[in-house]
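So you can see what is in the structure, the chains are spelled out below.
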Amino acid sequence: MNKKLNIVFMGTPEFAETALKALLPIHNVIAVYTKEPKPVGRKMILTKSPVHECAIQNNIPVYTPKTFKDEAIVNQLKGLNPDMIIVAAYGKILPQNVLDIAKFGCINIHASILPKLRGANPIQRSIINGDTITGITIMKMDAGMDTGDILLQEETEISNTITYKELENKLSEIGAKLILKYIDNMGSIKPIKQDDTRATLAPKLQKEEAIINWNNTANQIHNLIRGLSPHPYATCYHNNNPLKIIKSEVVNDTHNFEPGTILNKNMDIACGNNTILRILEIQKIGGKKLPIKDFLNGYKIEINEKLQ
RNA sequence: CGCGGGAUAGAGCAGUCUGGUAGCUCGCAAGGCUCAUAACCUUGAGGUCAGUGGUUCAAAUCCACUUCCCGCAA
């Protein structure tokens, strides 16, 4: 099965770029679709997506349509006559008439073991939920949100120290590997319907979810901190002063203080259900990320004070 | 010109408003105490106060510009 496919690749962030890079040397990527460059950073500089940059470097035509509701956009895609459309974290919904274009269909690389964690942020959600297993699903797309038939899956463990970014990197490698495997074996792979009754959702993260509630257990808070690292980071407040918690660990001990209380100079914080979380790395507004020891050298904070 | 914070010893900060001897907490070095220590005590080294120009008898401090770092928002 060594025939080269003509592939249209649709994706946006680094997670997708890994898959694109894996496809490039083996198949014929005839076009890349990605989100349009958007203003980023303090100076609002128009920035191209990682997939966009990668495509330019490899001299692949890039399209950044705002929507596929426009028939001209769809016809243009049709004109490319792709064998297969591969989608990875593209961030746009594809209507049925797009899904039908390619001979071998629209294949999606999704970062969860479907039907679990359907939706926009499966990687962060898996960590925040405290899951110990996640993985990659290669799926034949249909009009629903991550509801298509399952083609291939591979699980991976979520260690209790891994962060969102680290897990994403790990999953992107698996995704790249699995999509190649699928193409190689597509003739012998039978699609499996998803069991909708077991489906769970991984909706887009909301801003308020990043605020730490010290009434939760140390484990839950630790998972939130990991799941939101390196962006946007879990936040708490000391005297109305926002502090981002970069890194933490659960302390195997108990306490009898109100949640949020600072227990000692290690920055062990009282959490719900008498659990304890140790803050290892922190960042204040306008400051750099600091190990807790350096942070405490300059920041006035006392034992028995409370974080909100 | 999206809004805002910052640059002072190896690290983190105060001092800047109100110009006049360079400070704090740590780290580092030496010595002491100790069975011992990351604990405690004593002493010490370590600074072009981001850069350039200006005001002034005098600038970390006031004014102008430059560079770099960070948070928000997207």
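Shown above is the structure to which this text applies.
Quantities reported herein were computed from a predicted structural model and do not represent experimental measurements.

Undergrad: Please clarify how the overall build of chain A should be interpreted in this entry.
TA: The helix and strand inventory of chain A stands at 8 helices and 14 strands. Projected onto its principal axes, the C-alpha positions of chain A cover 65 × 45 × 30 Å. Within chain A, the proportion of its 308 residues that are buried is 47%. On chain A, the mean spot of the 37 positive side-chain charges and the mean spot of the 31 negative ones are 4 Å from each other.

Undergrad: Hey, could you run me through the protein's contact with RNA strand B in this one?
TA: Neighbouring RNA strand B are 19 residues, the closest being Arg-42, Lys-244, Gly-287, Lys-288 and Asp-294. Of what RNA strand B places within 4 Å of the protein, 50% of the atoms are sugar or phosphate. Take Arg-42: an N or O atom from its main chain is 2.9 Å from a base nitrogen of RNA strand B. Separating a sugar or linking oxygen of RNA strand B from a side-chain N or O atom of Gln-283 is a distance of 3.2 Å. For the surface near RNA strand B, the secondary-structure elements that each account for two or more residues are β3 (38-40), β13 (276-284) and α8 (292-298). If one sorts the elements of the surface near RNA strand B by residue count, α8 sits on top with 4 residues. The class makeup of the residues in the surface near RNA strand B is 6 nonpolar, 6 polar and 7 charged.

Undergrad: Which parts of the structure should I look at to understand the pairing of strand β6 (residues 84-88)?
TA: Note on strand geometry: in a regular strand, side chains alternate between the two faces of the sheet. Most of β6 is tucked away: 5 of the 5 residues are buried. With 5 bridges connecting them, strand β1 (residues 6-11) and β6 associate as parallel partners. By the bridge assignment, Gly-11 is partnered in β6 with Ala-88. The pairing of β6 with strand β7 (residues 106-110) spans 3 bridges and is parallel. The residue of β7 that forms the bridge with Val-87 is Asn-108.

Undergrad: Can you walk me through helix α7 (residues 218-227) in this structure?
TA: Along an α-helix, a turn takes 3.6 residues, which lines up residues three or four apart on a common side. For α7, a buried count of 8 out of 10 residues is recorded, marking the element as mostly surrounded by other parts of the structure. Looking only at α7, the buried set comprises Ala-218, Ile-221, His-222, Asn-223, Leu-224, Ile-225, Arg-226 and Gly-227. Of the surrounding secondary structure, the elements contacted by the buried residues of α7 are α5 (122-128), α6 (164-185), β10 (234-238), β11 (241-251) and β13.

Undergrad: Help me understand the sheet that holds strand β8 (residues 133-140), please; the structure alone is not making it clear to me.
TA: Backbone hydrogen bonds are what pair the strands of a sheet, in a parallel or an antiparallel way. With respect to topology, 7 strands assemble into an open sheet ordered β5-β2-β1-β6-β7-β8-β9, the strand pairing being mixed. A single partner strand is all that each edge strand has here, and the edge strands are β5 (62-63) and β9 (149-157). Seen against the sheet, α6 touches β1, β6, β7, β8 and β9 and runs at an angle of roughly 140° to β9.

Undergrad: Sorry, what's going on with the nonpolar core here?
TA: Generally speaking, a soluble globular protein has its nonpolar side chains buried in company with each other. Ranked by internal contacts, the top residues of the largest apolar core, which has 41 residues, are Phe-9, Ile-138 and Tyr-182. Considering each element in turn, this core owes the most residues, 10 residues, to α6.

Undergrad: For this particular structure, what's the right way to read the packing of helix α1 (residues 14-23) against α6?
TA: Packed helices, taken two at a time, are described by the angle their axes make and the gap between the axes. One way to put it is that α1 packs onto α6 with a least axis distance of 8 Å and a crossing angle of 35°. Regarding α1 and α6, the two cross each other, and that crossing is right-handed. Seen from α1, the contacting residues are Glu-14, Phe-15, Thr-18, Ala-19, Ala-22 and Leu-23; seen from α6, they are Lys-165, Glu-168, Leu-171, Ser-172, Glu-173, Ala-176, Ile-179, Leu-180 and Ile-183.

Undergrad: Got a minute to help me understand the packing of aromatic side chains in this structure?
TA: Applying the stated criterion across every chain yields a total of 4 aromatic pairs. Between Phe-68 and Tyr-90, the aromatic rings sit 6.4 Å apart at their centres with planes inclined by 65°, giving edge-to-face as the arrangement. Linking Phe-68 in the loop between β5 and α3 (71-80) with Tyr-90 in the loop between β6 and α4 (96-99), this pair joins segments that are 22 residues apart in sequence. Judged by relative accessible area, which is 3%, Phe-68 ranks as buried. One aromatic cluster is present, formed by Tyr-33, Tyr-63, Phe-68 and Tyr-90 through successive ring pairs.

What counts, and at which threshold
Residues numbered from 1 in each chain as written. Chains lettered and ligands numbered in written order. Predicted model: local features only at pLDDT ≥ 70, side-chain atom pairs only at ≥ 80, totals over all residues. Heavy atoms only, no water. Helix = DSSP H or I, 4+ residues; strand = E, 2+ residues; numbered from the N terminus. Buried < 20%, exposed > 50% of the residue type's maximum accessible area, 1.4 Å probe, protein only. Lys, Arg positive; Asp, Glu negative; His and termini not counted. Charge placed at Lys NZ, Arg CZ, Asp CG, Glu CD. Near = heavy atom within 4 Å. Polar contact = N/O pair within 3.5 Å; in protein donor to acceptor, adjacent residues only side chain to side chain. Nonpolar A, V, L, I, M, F, W, Y, C, P; charged D, E, K, R; others polar. Pairing = 2+ DSSP bridges. Contact = heavy atoms within 4.5 Å. Axes fitted to C-alpha atoms, helices over the stretch in contact; angles between N-to-C directions. Core = buried A, V, L, I, M, F, W, Y, C linked by side-chain atoms within 4.5 Å. Left-handed = near helix turned anticlockwise from the far one by under 90°. Phe/Tyr/Trp six-rings, centres within 6.5 Å; stacked < 30°, edge-to-face > 60°.

By themselves, these observations are geometric and do not establish any function.
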